[in-house]
Amino acid sequence: MTKQYNPSDALDQQANDFKIENVSHSSACTEPANDNATPEEIKCSHGDKTAGIFNLCCKRILDSIIEINFLDYLEKHIGCKDPSKYVTKGLQKIPRDIIAVIVADYVVKTIEQQGYKIAKYIDASGEDINEVYFYNGKYWQYVGSYPVIALLRDALEKMGYDPEIIRTAKISKLLFDTFMVNIADKPNPIAKTAINLRNGTLEIIGAKPILRPHSANDFFLYCLDYDYDINATAPLFQSYLNQVLPDGESRQLLQEICGNVFNKTQVIAGMGVLSGTGHNGKGVFMALLNRIFGTENCGNYSLDNICQASKDGDAKRAALHGKLLNNCGETKISKSTDAQMLKTVTSGNDPIPARQYYGKPMIIPAVEFPKLIFAANSMLEAIEDSTGFYRRFKFVDFNVKIDPNKADPLLETKLTPELSGILNWVIAGLFRLLANGTFSECKRSTALLEQFKTDSNPLALFLQETGCNPSETAKQLFNQFYDRYRSFCHYYKFSPMYPTKLSPKIKEEGYKVEKATGNAAYIHCSFDHDIDITRGF
């Protein structure tokens, strides 16, 4: 039994540290489904999707399968009323499709007897996309079709069927297709905020964190490969964080961005963007995210890859199904980035369209799609000028330059033993985020967001460079204003807005637009600078 970290005095300490009241606890189940398994055999990360835990479980399943009389099994377990119809001249002549039904029934029952579960995935639209998930006692593991076929063929051979026939392509396809018909649909994940760890599941119920046994009904697709330790601290991590992020508000925002990875109950839109030039510590933090949330539970696609409205974009989103986090060390936004898709994948609520290469289209519910954290050495480019677009970006300003000669190249490795303590830091951010229902205010983040808006908005840049300000008394004909704005855009190679779009945009900037006689209009504004004849604005 793995050591448990939930004594009452430790819970009381956590309540004090995180300022939480009414913390409760229960004993955590840390045993694998089979009591003979050892900690060395059972790991809590995905590993190879067709190996590892599933192979170990298959060995146990096959060890328990014995040779059977197919006709007797058909009568006693399948419910065949007249099995004699499959006997010819004293010999069993059971059709292969009926043999496949027997194998499916036997294997499913054996899996359940061993304490495991198996199910097929039905997406949010009700579509069966031919994916198999196996519950290994801690989490539901994705299993490809080939390992399942291998299990069915090996089981059929142990049941006493002709091994030569078993290895044919036709019987393999028949076994798999029949098996898929006979297994249950996966349980729909319940929207709950919880963290699945090696020594149990930490469920957040209001302000009551409860460490309880693993359960197949949670439908977790991951298990962090370390324990929840309520007493754990992370002094080295805190020292590193204070050095690279001396601003308290920035550290608080980063903490909540990480905590949001586990948030499955509140709709909080947004993604983290760690901003700053090189040698500022954000690379260490991005690498550390893989260790906190598990390498196998993280995707590493750029924002541009995820948000393409194309087959490649569909495939990238399908590959992220079931991941906790997508973190990318350098990201970009390009013309191929679809603004609507960006808002969808960062909404925290909207179902996400996806499709594997050569697979069926699927709809991924938001609770099964990862949160997004990116790093950017330079300011991103906006592809849409709207409040809904800009509010998705939660910038964290890494602006402290670290002397390369003083940087510790082994820091990430040295931080690994503090993972349980770092998780407690993440959980504290999660509690605060859930209590407030939104990310905390951060002046540096707001300043970067305003810079993002200005750098991506030619109109804002024009107003800034020409010293244009709203005015109650001064005004200029709209056509003259537009000509000056268009010259500015041409000079800096921006694409100017059409006059019909400029009018509402200038109003959003706080300027009054007054209609005059005919088609004329005035903008109430004044310029600090005269027109530069050489540039035209």
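These lines cover the structure that appears in this document, whether it is placed above or below. All residue numbers refer to position in the chain's written sequence, counted from 1. Note on the predicted model: pLDDT of at least 70 is required for a residue's local features to be given, and 80 or more for side-chain atom pairs to be given and counted; whole-chain, interface and lining totals, by contrast, use all residues. Note that the side-chain values use all heavy atoms of the structure and ignore hydrogens as well as water.

**What to know about the packing of aromatic side chains**
Alright, step 1. Working definition: rings of Phe, Tyr and Trp (its six-membered ring) pair if their centres are within 6.5 Å, and the pair is stacked with planes under 30 degrees apart, edge-to-face with planes over 60 apart, and tilted otherwise. Throughout the structure, instances matching the rule amount to 32 aromatic pairs.
Alright, step 2. With 5.1 Å between their ring centres and 80 degrees between their planes, Phe-54 and Phe-134 make a pair best called edge-to-face. Taken together, the residues span a long stretch of sequence, with Phe-54 in helix α2 (residues 53-63) and Phe-134 in strand β4 (residues 128-135) at a distance of 80 residues.
Alright, step 3. Residue classification places Phe-54 among the buried residues on the basis of a relative accessible area of 1%.
Alright, step 4. The class of Phe-134 is buried, set by a relative accessible area of 0%.
Alright, step 5. Between Phe-237 and Trp-425, the aromatic rings sit 5.1 Å apart at their centres with planes inclined by 70 degrees, giving edge-to-face as the arrangement. Note that Phe-237 is positioned in helix α8 (residues 235-244) and Trp-425 in helix α16 (residues 419-436), a separation of 188 residues in sequence.
Alright, step 6. A simple rule labels every residue: compare its accessible area, found with a 1.4 Å probe on the protein chains alone, to the largest value its type can have, and call it buried under 20%, exposed over 50%, or partly exposed in between. Using a relative accessible area of 0% as the deciding quantity, one classes Phe-237 as buried.
Alright, step 7. Judged by relative accessible area, Trp-425 falls into the buried class, the value being 9%. Strands here are runs of E lasting at least two residues and helices are runs of H or I lasting at least four, both read from the DSSP assignment and numbered beginning at the N terminus.

**Some points on the packing of helix α3 (residues 70-78) against helix α4 (residues 96-113)**
Two quantities define a packed helix pair, namely the angle between the helix axes and the distance between the axes.
Alright, step 1. Fitted lines through C-alpha atoms give the axes, limited to the stretch in contact for helices. The angle between two N-to-C directions lies from 0 to 180 degrees. The interhelical angle for the contact between α3 and α4, taken along N-to-C directions, is 65 degrees, at an axis separation of 11 Å. Classified by chirality, the crossing of α4 by α3 is left-handed. From α3, Phe-70, Tyr-73, Leu-74, His-77 and Ile-78 reach across to α4, where they touch Ile-98, Ile-99, Val-101, Ile-102, Asp-105, Tyr-106 and Lys-109.
Alright, step 2. Following the grouping adopted for this structure description, the nonpolar residues are Ala, Val, Leu, Ile, Met, Phe, Trp, Tyr, Cys and Pro, the charged ones are Asp, Glu, Lys and Arg, and the polar ones are all others, Gly among them. Split into classes, the residues belonging to the contact of α3 with α4 amount to 9 nonpolar, 1 polar and 2 charged. Left-handed describes a crossing whose near helix is turned anticlockwise from the far helix through less than a right angle; right-handed describes the clockwise counterpart. Contact between two residues is taken to exist if any of their heavy atoms lie within 4.5 Å; hydrogens are not considered.

**Brief notes about the nonpolar core**
Side chains of nonpolar character tend, in soluble globular proteins, to be buried together.
Alright, step 1. Residue types Ala, Val, Leu, Ile, Met, Phe, Trp, Tyr and Cys, when buried and joined through side-chain atoms within 4.5 Å, form a set referred to as a nonpolar core. Counting residues in hydrophobic clusters, the biggest one holds 100 residues, and the most contacted among them are Phe-237, Phe-262 and Phe-285.
Alright, step 2. Sort the elements by how many residues they give to this core and α16 lands first, with 10 residues.
Alright, step 3. Grouped together as the second largest cluster of nonpolar side chains are 38 residues, Tyr-133, Met-271, Met-341 and Ala-376 included.

**Some words on helix α19 (residues 478-491)**
Alright, step 1. One less than the number of residues in a helix, times 1.5 Å, gives the span that helix is expected to have. If you check α19, its first and last C-alpha atoms are 20 Å apart, about what 14 residues at 1.5 Å a residue would give, namely 20 Å.
Alright, step 2. Every buried residue belonging to α19 is among Phe-478, Phe-481, Tyr-482, Arg-484, Tyr-485, Phe-488 and Cys-489, and all of these are buried. Each buried residue of α19 sits inside an arc of 160 degrees when the element is viewed along its axis, so together they form one side. Of the exposed residues in α19, the ones pointing more than 90 degrees away from its buried face are Asn-479 and His-490.
Alright, step 3. The first or second residue beyond α19 is Lys-493, which carries a positive phi of 60 degrees. When we speak of the arc, we mean the arc of directions from the helix axis to the C-beta atoms.

**Remarks on the sheet that holds strand β19 (residues 513-515)**
Alright, step 1. At least two DSSP bridges between two strands are needed for those strands to be called paired. On the basis of which strands lie adjacent, the open sheet formed by 3 strands has the order β18-β20-β19 and antiparallel pairing. Unpaired on one side and paired on the other, β18 (476-477) and β19 mark the two borders of the sheet.

**Notes on the sheet that holds strand β7 (residues 194-197)**
Alright, step 1. In spatial order, the strands read β7-β8-β9; together these 3 strands make up an open sheet with antiparallel pairing. In this open sheet, the two edge strands, each paired with only one partner strand, are β7 and β9 (208-212). Each neighbouring strand pair of the sheet contributes to a mean axis angle of 15 degrees, computed without reference to strand direction.
Alright, step 2. Note: strand β8 (residues 200-205) against β9, 5 bridges, orientation antiparallel. Residue pairing for β9: Ile-205 is matched across the bridge by Lys-208.
Alright, step 3. Running over the sheet, α16 touches β7, β8 and β9 and is turned about 25 degrees from β8.

**Details of the pairing of β4**
On a regular strand, one side chain projects to one face of the sheet and the next to the other, so that they alternate.
Alright, step 1. In terms of burial, β4 is largely enclosed, as 6 of its 8 residues are buried.
Alright, step 2. Bridge count for strand β3 (residues 117-122) against β4 is 5 bridges, and the pairing is antiparallel. Directly across from Lys-117, in β4, lies its bridge partner Tyr-135.
Alright, step 3. Relative to strand β5 (residues 140-143), β4 runs antiparallel, the two being bridged by 4 bridges. Of the residues in β5, the one forming a bridge with Phe-134 is Gln-141.
Alright, step 4. Taking the residues between adjacent antiparallel strands as the criterion, β4 and β5 are bridged by 4 residues, where Gly-137 takes a positive phi near 105 degrees.

**Things to note about unusual backbone geometry**
Alright, step 1. A positive phi is found at Tyr-358, a non-glycine position, where the angle reads about 65 degrees.
Alright, step 2. For Tyr-358, a relative accessible area of 88% puts it in the exposed group.
Alright, step 3. Of note in the backbone geometry, Lys-493 takes a positive phi value of approximately 60 degrees without being a glycine.
Alright, step 4. Here Lys-493 lies in the loop between α19 and α20 (499-508).
Alright, step 5. Residue Lys-493 is classed as exposed on the basis of its relative accessible area of 74%.

**Focus on the pattern of salt bridges**
Alright, step 1. The salt bridge definition used is simple: a Lys or Arg side-chain nitrogen within 4 Å of an Asp or Glu carboxyl oxygen. Enumeration according to the criterion identifies 23 salt bridges in this entry.
Alright, step 2. Note that Arg-198 is salt-bridged to Asp-225, the shortest N-O span being 3.8 Å. Of the two residues, Arg-198 is situated in the loop between β7 and β8 and Asp-225 in the loop between β9 and α8; the sequence distance between them amounts to 27 residues.
Alright, step 3. Among the residues examined, Arg-198 registers a relative accessible area of 31% and is labelled partly exposed.
Alright, step 4. Linking Arg-212 and Glu-203 is a salt bridge whose minimum nitrogen-to-oxygen distance equals 2.6 Å.

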